[in-house]
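Topology and contacts: notes
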Amino acid sequence: MPQTYTLFQFLEAYPDDDACLDRIMRMKVGKDPTCARCKRKTTFYRIRKRRAYECQWCGFHVYPCVGTPFEKSRTSLRKWFYAIYLFTTTRHGVPAKELERQLGVTYKTAWRMGHIIRKLMSRVGTQILTGEVEIDESYVGGRRSIKTGRGRGAANKTIVLGMKQRQGPMLTYVIPDVKRATIEPLIMQHVAKTATVYTDEWWAYRKLRWRGYEHFMVAHGKGEYAKGRVHTNSIENFWARLKLSIRGTHIHVSGKHLQKYLAEFSFRYNYRDYPDKMFAMLVGSVALPA
Ligand SMILES: [Zn+2]
């Protein structure tokens, strides 16, 4: 069931900067905190006028924003949270111009904030895929369409390897070529050995059984597209949406830019039905080590 995260829900949860700081503090020390200095179970009390809290027993100060993107930012925490909120409720990302307009910050600040939020998206997007996983590569960007198969004619295009857990997350990586030596290590790094893997018949996938995976191939060459559970429809669907989005946003996608764009697009795609979870993950990720 798709969920919603309304602006009203957001405003109720974060009415002011203090509420945002409390949220960051909770992520840093947990629900049931222990003081790092006196080692006792404690309650941290807010120190007024500073972004800090104090241990009830020993007076130790904790600054929860240290080490987060907010630490050196002059932009208020609430504006940061609102920017993250905007990113979780849009379909195609938030242009700096719109952040500038909605937050009342300079274009330069808006651009930086967008950049940082996209970075958070790429950090929370990595995980190990399990269960049934479809794997495929696609050629993205450039002007010429490819009708000549893998490799040939792909000069203008960037190659992307996609790994899609059915009913689960999608991972995407820009790769330099479609050789087994390139593709196989990425699969082994991101797909659990217990997974069942579905691909087409490309050479690079043919030794996955040797690597310990249960592996089935779709015989696209014979005009087959699905045989029961053996298909790559979920990942094909992702490619179609990705290409529509790239066309729709008119961004220049190549190399490094594409990897960032993919991270954002995949993250949004993975959590598209759970905007509240998307928000929680992004805000939660600021507490992770950089
Ligand atoms: Zn203490």
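The rules we used
- Residues numbered from 1 in each chain as written.
- Predicted model: local features only at pLDDT ≥ 70, side-chain atom pairs only at ≥ 80, totals over all residues.
- Helix = DSSP H or I, 4+ residues; strand = E, 2+ residues; numbered from the N terminus.
- Buried ≥ 20, exposed ≤ 12 C-beta atoms within 10 Å, placed from the backbone.
- Pairing = 2+ DSSP bridges.
- Axes fitted to C-alpha atoms, helices over the stretch in contact; angles between N-to-C directions.
- Core = buried A, V, L, I, M, F, W, Y, C linked by C-beta atoms within 7 Å.
- Domains from an automatic or database assignment.
- Contact = placed C-beta atoms within 7 Å.

1. Notes on the overall build of the chain
The helix and strand inventory of the chain stands at 9 helices and 10 strands. Principal axes of the C-alpha set define a box for the chain whose edges measure 70 × 45 × 35 Å. Among the 290 residues that make up the chain, the fraction classed as buried is 31%.

2. Here's the deal with the sheet that holds strand 4 (residues 132-140)
Strands sit in the order 6-5-4-7-8 across an open sheet of 5 strands; the sheet is mixed. The strands lining the two open edges of the sheet, one partner per strand, are strand 6 (170-175) and strand 8 (214-217). Pairs of neighbouring strands in the sheet enclose a mean axial angle of 25°, with direction left out of account. Two strands pair when backbone bridges link them, and strand 4 and strand 5 (residues 158-165) are joined in this way by 8 bridges, in the antiparallel orientation. Across the sheet, the residue bridging to Ile135 is Met163, located in strand 5.

3. Focus: the sheet that holds strand 1 (residues 44-47)
Across the sheet, which stays open at both edges, the 3 strands sit in the order 1-2-3 with antiparallel pairing between neighbours. Every other strand in the sheet has two partners, leaving strand 1 and strand 3 (61-62) as the edge strands with one partner each. Across 2 bridges, the pairing between strand 2 (residues 52-55) and strand 3 is antiparallel. Looking across to strand 3, one finds that Tyr53 is bridged to Val62.

4. So, the nonpolar core
With 64 residues, the main nonpolar core has Ala83, Ile84, Ile117, Met163, Val197 and Leu282 as its most contacted residues. A per-element tally of this core places helix 3 (residues 77-89) first, with 8 residues. Both domains that furnish three or more residues to this core are identified here as domain 1 (7-124 + 275-285) and domain 2 (132-250). Once you skip the residues sitting within four places of it in the chain, Ile117 turns out to touch Ala83, Ile84, Phe87 and Leu282.

5. Let's talk about the pairing of strand 7 (residues 196-199)
Examined bridge by bridge, strand 4 and strand 7 share 3 bridges and lie parallel to one another. Paired with Val133 across the strands is Val197, a residue of strand 7. As judged from the 4 bridges shared by strand 7 and strand 8, these two strands associate in the parallel manner. Paired with Val197 across the two strands is His215, which belongs to strand 8.

6. A short note on the environment of Asp16
With respect to the helices and strands, Asp16 occurs in the loop between helix 1 (7-13) and helix 2 (17-29). We classify Asp16 as exposed; it has 11 C-beta atoms within 10 Å. For the pair Asp16 and Gly221, spaced 205 residues apart in sequence, the C-alpha separation works out to 59 Å.

7. Structural notes on the domain arrangement of the chain
If you check the domain split of the chain, you get domain 1 (7-124 + 275-285) and domain 2 (132-250). Look at where the C-alpha atoms of domain 1 and domain 2 centre, and you get two points 36 Å apart.

8. Describing the environment of Phe81
On the secondary structure map, Phe81 appears in helix 3. Not counting chain neighbours up to four residues away, the residues in contact with Phe81 comprise Tyr14, Cys20 and Val283.

9. Here's the deal with unusual backbone geometry
The backbone of Lys49 sits at a positive phi, close to 70°, despite the residue not being glycine. Mapped onto the secondary structure, Lys49 falls in the loop between strand 1 and strand 2. The backbone of Gln167 shows a phi angle near 55°, a positive value even though the residue is not glycine. Looking at where Gln167 falls in the secondary structure, it is placed in the loop between strand 5 and strand 6.

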